[in-house]
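Structure at a glance
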Amino acid sequence: MKIVNLSSGSEGNLTYIETSEAKILVDAGLSCKEIELRLSLLGVSGEEIDAIIVSHEHSDHTKGIDVFCSKHNTKIYAHIDEWPALNKKLFKVNPLQKYSFTAAPFNIKDITVTAFKVPHDSVCCVGFTIENNYKKISICTDLGTISDNILQNIYGSQLVFLEANHDVQMLKNNIRYCASLKQRILSSRGHLSNLDSAKAIQQLVKNGTKRVVLSHLSKENNNATLAYETVKTILTNNGIVVGEDVEIDVASTMPSKIYKLS
Ligand SMILES: [Zn+2]
Ligand SMILES: [Zn+2]
């Protein structure tokens, strides 16, 4: 399995996953043109994408979906509870391209996808585990809190894209954000802080995760160094050696390195 995060954060989220049989995207939060451009860097054309699986309807996850999927006749998979909201973003896509999933695992060629609900201020929001050839990854961003049930779903993933949205103090001190927006982000249906992310990573490392990519960083209330150092400090204080027990990367608005699991 080959995985590349093509963009992460409030300006757009998009991850490319390739196996011997399938090429899929998780979310499509950039314009169609930009998605095509970033795929072309990998030597992949839009027509080659078998499906896009959608976490939730927010535009940083769905911006390019209507144009891309109507142009390339791409299948769209979304949670059955999410379709009423997602349909409001789709004007051109043929209904035959739309597929629903629930909590049950489903297959796209040789990829098995399992979705699990996460608490976020959208109609419905899910994280994903993606399995192929006995390898498992998880993508889990846009969640206000992380429960044991969510962790149970992710356990056993070699690679995890996990939200580390904000530094709580930076957010609280941000004079450009009004009180209600701060409250929204800090709420149990908002976004995960660096601290929350670090606590979750401790559990993930104990359950087999070898690499975590800190994802969906806020441009206003976080930065790559702060997220990395906060997580590293907490892991170190709890006896986990970054670089030995687990690798920590930070996703950005630009394409990541290519992760290969085989
Ligand atoms: Zn988002
Ligand atoms: Zn969101």
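All figures in this text were calculated on a predicted structure; none of them were measured in a lab. (Residues numbered from 1 in each chain as written. Chains lettered and ligands numbered in written order. Predicted model: local features only at pLDDT ≥ 70, side-chain atom pairs only at ≥ 80, totals over all residues. Heavy atoms only, no water.)

Under perfect tetrahedral coordination by four donors, a metal shows angles of 109.5 degrees; under perfect octahedral coordination by six donors, it shows angles of 90 or 180 degrees. For the zinc ion (ligand 2), the protein coordination sphere consists of His 56 (NE2), His 58 (ND1), His 120 (NE2) and Asp 142 (OD), at 2.2 to 2.5 Å. One can describe the site at the zinc ion (ligand 2) as irregular: its four donor atoms subtend angles covering 91 to 172° at the metal. In this structure, the zinc ion (ligand 2) lies 3.5 Å away from the zinc ion (ligand 1), the two metals sharing Asp 142 as a donor. Within this pair, whereas His 120 is found in the loop between strand E8 (111-117) and strand E9 (126-132), its partner Asp 142 is found in the loop between strand E10 (135-140) and helix H5 (148-154), the two being separated by 22 residues in sequence. The pair His 120 / Asp 142 is uniform in exposure class, with both members buried. (Donors = N, O, S within 2.8 Å, 3.2 Å for Na, K, Ca; no water. Tetrahedral: all angles 85-135°; square planar, octahedral: opposite > 155°, others 65-115°. Helix = DSSP H or I, 4+ residues; strand = E, 2+ residues; numbered from the N terminus. Buried < 20%, exposed > 50% of the residue type's maximum accessible area, 1.4 Å probe, protein only.)

Only Asp 60 (OD), His 61 (NE2), Asp 142 (OD) and His 216 (NE2) from the protein reach the zinc ion (ligand 1) as donors, at distances of 2.1 to 2.2 Å. What the four donor atoms of the zinc ion (ligand 1) show is an angle range of 93 to 161° at the metal, which sorts the shape as irregular. On the primary sequence, the residues serving as donors to the zinc ion (ligand 1) are separated as D-H-x80-D-x73-H.

At a minimum axis distance of 8 Å, the contact between helix H1 (residues 32-40) and helix H3 (residues 65-72) shows a crossing angle of 65°. Judged by residue contacts, Cys 32, Ile 35, Glu 36 and Leu 39 of H1 engage Val 67, Phe 68, Lys 71 and His 72 from H3. Of the residues contributing to the contact of H1 with H3, the split by class is five nonpolar, one polar and two charged. (Axes fitted to C-alpha atoms, helices over the stretch in contact; angles between N-to-C directions. Contact = heavy atoms within 4.5 Å. Nonpolar A, V, L, I, M, F, W, Y, C, P; charged D, E, K, R; others polar.)

Hydrogen bonds between backbone atoms are what pair the strands of a sheet, whose relative direction is either parallel or antiparallel. Spatially, the seven strands line up as an open sheet ordered E6-E5-E4-E3-E2-E1-E14, and their pairing is mixed. On the outer flanks of this sheet lie strand E6 (98-101) and strand E14 (259-260), each paired with one strand and no other. With five bridges joining them, strand E1 (residues 2-7) and strand E2 (residues 14-18) adopt antiparallel strand pairing. Across the sheet, the residue bridging to Val 4 is Tyr 16, located in E2. Across the sheet, H1 lies against E1, E2 and strand E3 (23-26), angled at about 140° from E1, the strand it touches most. (Pairing = 2+ DSSP bridges.)

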